[in-house]
Amino acid sequence: MRSVAALAAFTAALLFTPPPSPPDTPLDNNLSPTPVLGWNDWNTFGCAVTDSLIRETADAMSTNGMAAAGYRYVTIDDCWSQHTRDPDGNLVADPAKFPQGMKSLADYVHGKGLKIGIYSSAGLTTCAGYPASLDHEVRDANLWASWGIDYLKYDNCGNTEGRPGQERFAAMRDALTATGRPIVFAVCNWGTDSVRVWGPSTGNSWRTTGDITDDWAAVMAILEAQPAWAARSRPGAWNDPDMLEVGNGLTDDEARAHFSLWALLNAPLLAGNDLRSMTERTRVVLTNAEVIAVDQDWGGRQGTRIADDGDQEVWAKPMSDGSAAVVLLNRADTPAAVSTTAAALGLADAPAYSVRDLWEHTTGSSAGGISAEVPAHGAVVYRVSASTLRPGEL
Ligand code: GLA
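Residues numbered from 1 in each chain as written. Predicted model: local features only at pLDDT ≥ 70, side-chain atom pairs only at ≥ 80, totals over all residues. Heavy atoms only, no water.

A. How the structure looks around helix α10 (residues 252-264). Its 13 residues place the ends of α10 18 Å apart at the C-alpha level, agreeing with the 18 Å of an ideal helix rising 1.5 Å per residue. The set of residues buried in α10 consists of Glu254, Ala255, Ala257, His258, Phe259, Ser260, Leu261, Trp262, Ala263 and Leu264. Asn266 lies just past α10 and shows a positive phi near 50 degrees. (Helix = DSSP H or I, 4+ residues; strand = E, 2+ residues; numbered from the N terminus. Expected span 1.5 Å × (residues − 1). Buried < 20%, exposed > 50% of the residue type's maximum accessible area, 1.4 Å probe, protein only.)

B. Here's a closer look at the packing of aromatic side chains. Counted by the stated rule, this structure contains seven aromatic pairs. Between Trp80 and Trp147 the ring centres are 5.7 Å apart and the planes differ by 85 degrees, which places this aromatic pair in the edge-to-face class. Of this pair, Trp80 sits in the loop between β2 (73-75) and α5 (101-111) while Trp147 sits in helix α6 (residues 137-147), and the two are 67 residues apart along the sequence. By relative accessible area, which is 11% here, Trp147 ends up buried. (Phe/Tyr/Trp six-rings, centres within 6.5 Å; stacked < 30°, edge-to-face > 60°.)

C. Highlighting the state of the cysteines. Per the counting criterion, the structure on display carries two disulfides. Disulfide partner of Cys47: Cys79, at an S-S distance of 1.9 Å. Placement of the pair is Cys47 in the loop between α2 (42-45) and α3 (51-63) and Cys79 in the loop between β2 and α5, with a sequence separation of 32 residues. Residue classification places Cys47 among the partly exposed residues on the basis of a relative accessible area of 34%. Here Cys127 is linked by a disulfide to Cys157, with a sulfur-sulfur distance of 2.0 Å. As the torsion about the S-S bond is roughly 95 degrees, the Cys127-Cys157 disulfide counts as right-handed. With a gap of 30 residues between them, Cys127 in the loop between β3 (115-121) and α6 and Cys157 in the loop between β4 (151-155) and α7 (165-179) connect regions that are remote in the sequence. With its disulfide-bonded cysteines labelled consecutively along the sequence, the protein chain is connected as 1-2, 3-4. (Disulfide = S-S within 2.5 Å.)

Structure follows, in structure tokens:
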């Protein structure tokens, strides 16, 4: 047992521990004032990425309502290069996968009014074993800039020498900046290496957690870790809980809940399904403008969990117009009622509240109680605002 003196010393140490240092200044490149909206091939295609896949995806995105909803970035993940650099030390796109070269592909994507992303790693090799960019940052950044690349996903594999993450990722940030080309910098080191501290000053986003897979338990496991990160997010610098699995093996209810929660977290919304063959129901999820508006709005903090009653949870986020977005989440295998109140959402006392259902696209009213019967593995999402009218007058 601790002595009284030891306890007093312990208490004094706690009291006099300086408060945590103020958040880092976000990376000042003005490239992601709101979270990026886009697509990435990895979740569906893995290493089977090709020129035609990227062109056809850009075609789909530009015509299927996604571009109109704000999606811009089409990103090539791992496995795009040859296994060795050329004699000058440059990465070389695999000619079997990209026979027309990367510049031609970037021109094509730009011609659709979209932007193009690429992938590398802050190590000797990428996660799939291709050459990566540690100590080649300036050469590689210049090559990508010469192709017209607009976004870099920068992974954390191949760090065989165990060098600190902050140093490795800052080197690429500085190399991208030095190109003079606007290139969004997406840090992907899975929440490790104190990225919580240096992420905001280094990247436009940083992965908070490990890789997502296309099942409900995996999506919920990632969600569970997100409240601890909420305070690090701000305009220009976003927490990234990983790409979307909408359209990949989730039920419709699960897909809507996943998309809604990622929007509430101000996450980059990166579709990971095959846009060329998705169902109309999946397209409707990915293009829900009212949910995307939650993602793109900064009301002072990202959303987080405000109530946890076992499998029933309430996640909420302030919106810049004074309303609140709320996700009533049911993680259980059977339907359940989930409720909260306008006061719990931080809304001022008012005679009535307007309650907009962001999936049904209907507006109801409430005297303060906010509740719904929520399907199994599902969510009901509202945007709640104080109204001067009384219930029934709305
Ligand atoms: C890591 C990343 C994934 C994906 C793969 C590619 O696992 O976290 O998102 O980029 O590498 O190999």
